[in-house]
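So the chains spell out like this:
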Amino acid sequence: MQAFTPVPLPSPPCYYASLAGQGTSSDSENSGVAFSETEDVPVLIIGQSMVGMTLTALLAYHGVKSVGVEKHASTAIHPRAALFLTRSLEIFRQIDLEKDVVQESKKLYDLNAGINAVTSLAGDELAVYLRDMNAVSKYLTPAAGRVFLTQHAFEPVLKRHAVTNGARLEFGREVLSVREFEPGMGVEVLVEDLGTDPGREVKKGTVKRYRAQYLVAADGNRSPIRQQLGIAMKGHGVMSESLTIYFRAPMFELVHATDWGKGSVSNGLIYVSNDYVRGFFRLDRHLQGGFLVVNTCGPPGKDSSRFLPPNLSKEGAIKILRSAIGSETVPIEIELVAPWKAVSDNAERYMSPSGRIFLVGDAAHTVLPTGGFGGNTGIADVHNIAWKLAAVLDGKASPELLRSYDAERQLVGHFTVEQAYSRYVNRIAPELEDKGEPERPDYEIEIGYGFLNSPGIVRSEVDERMARSRFAASGGRFFTEDAACPSGLPGFRAPFARLRRADGSITATTDLVQRNFVLFTHASSAVPVAAWHGAAANASRILGGLPVDSHVIMDVLDLERPNIQGRLIDMDVLGKFRRGFGLKEGGCALVRPDGIIAWRSEGAPGPGGIRPGEELAGILKKILFPSGSALATPVIAPTVSAQQPAAKSDLRIDSIEATAAALSTIRPSLSLSASDLHTRA
């Protein structure tokens, strides 16, 4: 094992002032705290709340044996608001967690609930933002769409899933110090056991040292690691010192006596705005309790109304609730009053200069609750970085690939922060002078954003001109598109299209993206089937066995043509595939493991010129080894599972050794007739 020589992190405003610069250990300089043991880990995740634990689960899915540490003794104990949006459900679906999340949501909420605004629960309706939040979901995704589920109900489900799939979660452990070794050589973290996890027999106060190749900070909006790195937060700052009031009260008859309360929207998210209180309700499905988020209270527009007392009395909480409920007679039981700050900021950078430490979730962006984007943005953060960490640790990519995380997610974080701020102004504080950016449609924020500049994306000259034109047309601010009319441009989420398999089962393009890159190829009677399909096997061989899944997709009507030869395996049931990906006959699209289009060729390979397999291999090299960088030898041997479930694909390339030959298996002829297919579709 190579000796470590730790040095302070760059720009180090003191993380733990009492420990900085003290003492040494036998083999390296550290904080001066004695530790009982040292463990080398590929990835250490600080913080195991919703976002950090999702990363732990995703890394386990990709075969990386990470360790997640959390200072609290258990998962969340309070029902903090959580609206899981479309992209999050797709991510959960990829790791086989979606069904459990939906099942848990059904216990508490209506899957077709909505979002509206009222003067009070007994008062008039002011606006409807979503009457049925999943009215069009089935046209955009194979997932359940959007679901309500409080954080304290979700986290145990996530924990159970993560642990079952091999993740290590250490609760009741507090970070004492974080130091980076020589640039690019890893991170040292000292962690103290607080003795609060009943499932672990460790003496309270025991300190353990972790030596990690990569550290991911999911340590919240006040992230000490972000502060130690000297990364500034920029945005609108503190909007209010808010409160969440958890309570019990019988509200069913009161709500259902109103015109608006007769629909399912009464079980969704309900904004309240009157002369005394502004905020929103989340109520249980029986309307017997829930919580009220209070953003401002008092005369609208007054600074004093934005800063609520953190020690609000029980009587004060009941007064606020009576105004928001609209009744002086409904019996109210206060369970808890929790103060918090509503902040609208985004980190200037999402990673350390060395590329060894990354910020995710609230550590990277503090998003106002209006829109429900905050936790979902964090889940998308870790989905973006998980496959990249796995590729680097398994020797399939250069560490330079990880820099694409900052290039991609930092701008998305800024966009999302601004969109939540605009909704805050329009729904909570219309008196604010800074109105923010124009509101974009919710689905555009959830699944319609793209990455304009990233080393993880390769565009042709035509696609680059199209991307720049679209960006300029948006005013040069954000790179988004209508999720219902996707362009197929590299940098955007792969469009959803329903497909019928050779065995008659139904799947979707988004479901075929698993752990590997996926090459989707269009074929018809006019274009040879194997043109791009065979390129995946050849590219894999050129790159030493890099797994590349491949799927050939054809229009349903093409089955009636006599010269197809039955070698096609997936049928585009509704004709959305080629249109959504922006392909001509015989074109192809390369999709990353996180479902983002990495590259596309609009048409079939032309005669002469570079061979398709060589072209695809060159594209993959550009993505996985940016700027031609070579893979650095890991300091700590990577721990990646050698056995992973096979992706659902018809071309699977598995690498046994770096020089293993690729094996291509193409499914035999279709047994369905065209008439039978039309009938069953």
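Worth saying up front: this structure is predicted, and the values here are computed from it rather than measured. (Residues numbered from 1 in each chain as written. Predicted model: local features only at pLDDT ≥ 70, side-chain atom pairs only at ≥ 80, totals over all residues. Heavy atoms only, no water.)

(A) Spatial organisation of the overall build of the protein. Across its full length, the protein carries 16 helices and 24 strands. Looking at the protein as a whole, 58% of its 681 residues qualify as buried. Across the protein, every contact between residues at least 6 apart in sequence was considered, and the portion connecting residues at least 24 apart equals 72%. Surface summary for the protein: the accessible area is close to 26600 Å², and the carbon and sulfur share equals 52%. (Helix = DSSP H or I, 4+ residues; strand = E, 2+ residues; numbered from the N terminus. Buried < 20%, exposed > 50% of the residue type's maximum accessible area, 1.4 Å probe, protein only. Contact = heavy atoms within 4.5 Å. Areas by Shrake-Rupley, 256 points an atom, 1.4 Å probe, with all protein chains shown as cover.)

(B) Looking closely at the pattern of salt bridges. All told, the structure shown has 30 salt bridges when counted by the stated rule. A salt bridge links lysine 107 to glutamate 104, with the shortest nitrogen-to-oxygen separation between them at 3.3 Å. Of this pair, lysine 107 and glutamate 104 both sit in helix α3 (residues 98-108), three residues apart, roughly one helical turn. On the basis of relative accessible area, lysine 107 is assigned to the exposed category, the value being 52%. We classify glutamate 104 as buried; its relative accessible area is 18%. For glutamate 348, the salt bridge identified is with lysine 234, shortest N-O distance 3.0 Å. (Salt bridge = Lys/Arg side-chain N within 4 Å of Asp/Glu carboxyl O.)

(C) Quick look at the packing of aromatic side chains. Across all of its chains, the model carries 19 aromatic pairs by this definition. With a centroid separation of 5.7 Å and an interplanar angle of 65°, the aromatic rings of phenylalanine 84 and phenylalanine 92 are classed as edge-to-face. Residue phenylalanine 84 is classed as buried on the basis of its relative accessible area of 1%. Among the residues examined, phenylalanine 92 registers a relative accessible area of 0% and is labelled buried. (Phe/Tyr/Trp six-rings, centres within 6.5 Å; stacked < 30°, edge-to-face > 60°.)

(D) The sheet that holds strand β13 (residues 277-283), seen in detail. Across the sheet, eight strands lie side by side as β5-β4-β12-β13-β14-β11-β15-β17; this open sheet has mixed pairing. Strands with a single pairing partner mark the edges of an open sheet, and in this sheet they are β5 (125-130) and β17 (365-366). As judged from the six bridges shared by strand β11 (residues 233-248) and strand β14 (residues 289-297), these two strands associate in the antiparallel manner. Following the sheet pairing, tyrosine 246 is matched in β14 by phenylalanine 291. Together, β11, β12 (269-273), β13, β14 and β15 (333-347) form the strand contacts of helix α8 (residues 314-325), whose direction differs from that of β13 by roughly 85°. (Pairing = 2+ DSSP bridges. Axes fitted to C-alpha atoms, helices over the stretch in contact; angles between N-to-C directions.)

(E) Region of interest: the pairing of strand β24 (residues 597-601). β24 sits mainly inside the fold: five of its five residues count as buried. Here four bridges tie strand β23 (residues 588-591) to β24, and the two strands are oriented antiparallel to one another. Bridge assignment links valine 591 to a residue of β24, and that residue is isoleucine 597. Linking β23 to β24, which pair antiparallel, is a turn of five residues; within it glycine 595 sits at a positive phi near 80°.

(F) Broad picture of the environment of alanine 162. In this fold, alanine 162 is placed in helix α4 (residues 151-164). Discounting chain neighbours no more than four positions away, the residues touching alanine 162 are Ala57, Ala167 and Leu169.

(G) View of the pairing of strand β18 (residues 498-501). As paired elements, β18 and strand β19 (residues 506-508) share three bridges and run antiparallel to each other. In the strand pairing of β19, leucine 499 is matched with threonine 507. In this structure, the hairpin formed by β18 and β19 is closed by a connection of four residues, where glycine 504 is found at a positive phi of approximately 95°.

(H) Fine view of the packing of helix α2 (residues 86-94) against α3. In contact at an axis separation of 7 Å, α2 and α3 are set at 125° when each is read in the N-to-C sense. Here α3 runs oblique to α2, going by the angle between their axes. Where α2 approaches α3, its residues Leu89, Phe92 and Arg93 are matched on the opposing element by Glu98, Val101 and Val102. Each residue belonging to the contact of α2 with α3 can be placed in one class, and the counts come to four nonpolar, no polar and two charged. (Parallel < 35°, antiparallel > 145°, perpendicular 65-115°, else oblique. Nonpolar A, V, L, I, M, F, W, Y, C, P; charged D, E, K, R; others polar.)

(I) Summary view of the environment of arginine 278. Looking at the secondary structure, you find arginine 278 in strand β13. Taking the relative accessible area as the measure of exposure, arginine 278 reaches 3% and is therefore buried. The residues contacting arginine 278, other than those within four sequence positions of it, are Val272, Ser273, Val293, Val294, Asn295, Thr296, Cys297, Gly298, Pro299, Pro300, Ser305 and Ile428. At 3.5 Å, the side chain of arginine 278 forms a polar contact with the backbone oxygen of aspartate 275. (Polar contact = N/O pair within 3.5 Å; in protein donor to acceptor, adjacent residues only side chain to side chain.)

(J) Spotlight on the nonpolar core. Ranked by internal contacts, the top residues of the largest apolar core, which has 93 residues, are Val43, Leu44, Phe84, Val189, Leu215 and Leu590. In terms of residue count, helix α9 (residues 374-393) provides more of this core than any other element does, ten residues in total. Sequence-distant contacts of phenylalanine 84, that is, excluding residues within four places in its chain, are made with Met50, Leu89, Phe92, Gly145, Arg146, Val147, Leu149, Phe154, Asn376 and Ile379. One finds Leu83, Ile115, Phe280 and Ile596 within the second-largest nonpolar core, a separate group that totals 37 residues. (Core = buried A, V, L, I, M, F, W, Y, C linked by side-chain atoms within 4.5 Å.)

(K) Quick peek at helix α1 (residues 50-61). Counted at 1.5 Å a residue, the expected span for α1 with its twelve residues is 16 Å, and the 17 Å between its end C-alpha atoms agrees. Within α1, twelve of the twelve residues are buried, which leaves the element mostly enclosed by the surrounding structure. Taken residue by residue, α1 has Met50, Val51, Gly52, Met53, Thr54, Leu55, Thr56, Ala57, Leu58, Leu59, Ala60 and Tyr61 as its buried positions. Downstream of α1 by a residue or two, glycine 63 has a phi angle that is positive, lying close to 90°. (Expected span 1.5 Å × (residues − 1).)

(L) Here's a closer look at α8. Between its terminal C-alpha atoms α8 stretches 16 Å, which fits the 16 Å expected from twelve residues at 1.5 Å a residue. Turning to α8, its buried residues number three or more, namely Gly316, Ala317, Ile320, Leu321, Arg322, Ser323, Ala324 and Ile325. For α8, the secondary structure elements touched by its buried residues are β11, α6 (252-256), β12, β13, β14 and β15. Immediately beyond the C-terminal end of α8, within one or two residues, lies glycine 326, with a positive phi of roughly 90°.

(M) Looking closely at the side chain of glutamine 514. For glutamine 514, the position within the fold is in the loop between β19 and β20 (517-523). Exposure remark for glutamine 514: the relative accessible area of 12% places this residue in the buried category.

(N) Broad picture of the environment of alanine 617. One can find alanine 617 in helix α15 (residues 612-624). Judged by relative accessible area, alanine 617 falls into the buried class, the value being 2%. As for alanine 617 and alanine 539, which are separated by 78 residues in sequence, their C-alpha atoms are 4.5 Å apart. The residues contacting alanine 617, other than those within four sequence positions of it, are Ala539, Ile542 and Leu543.

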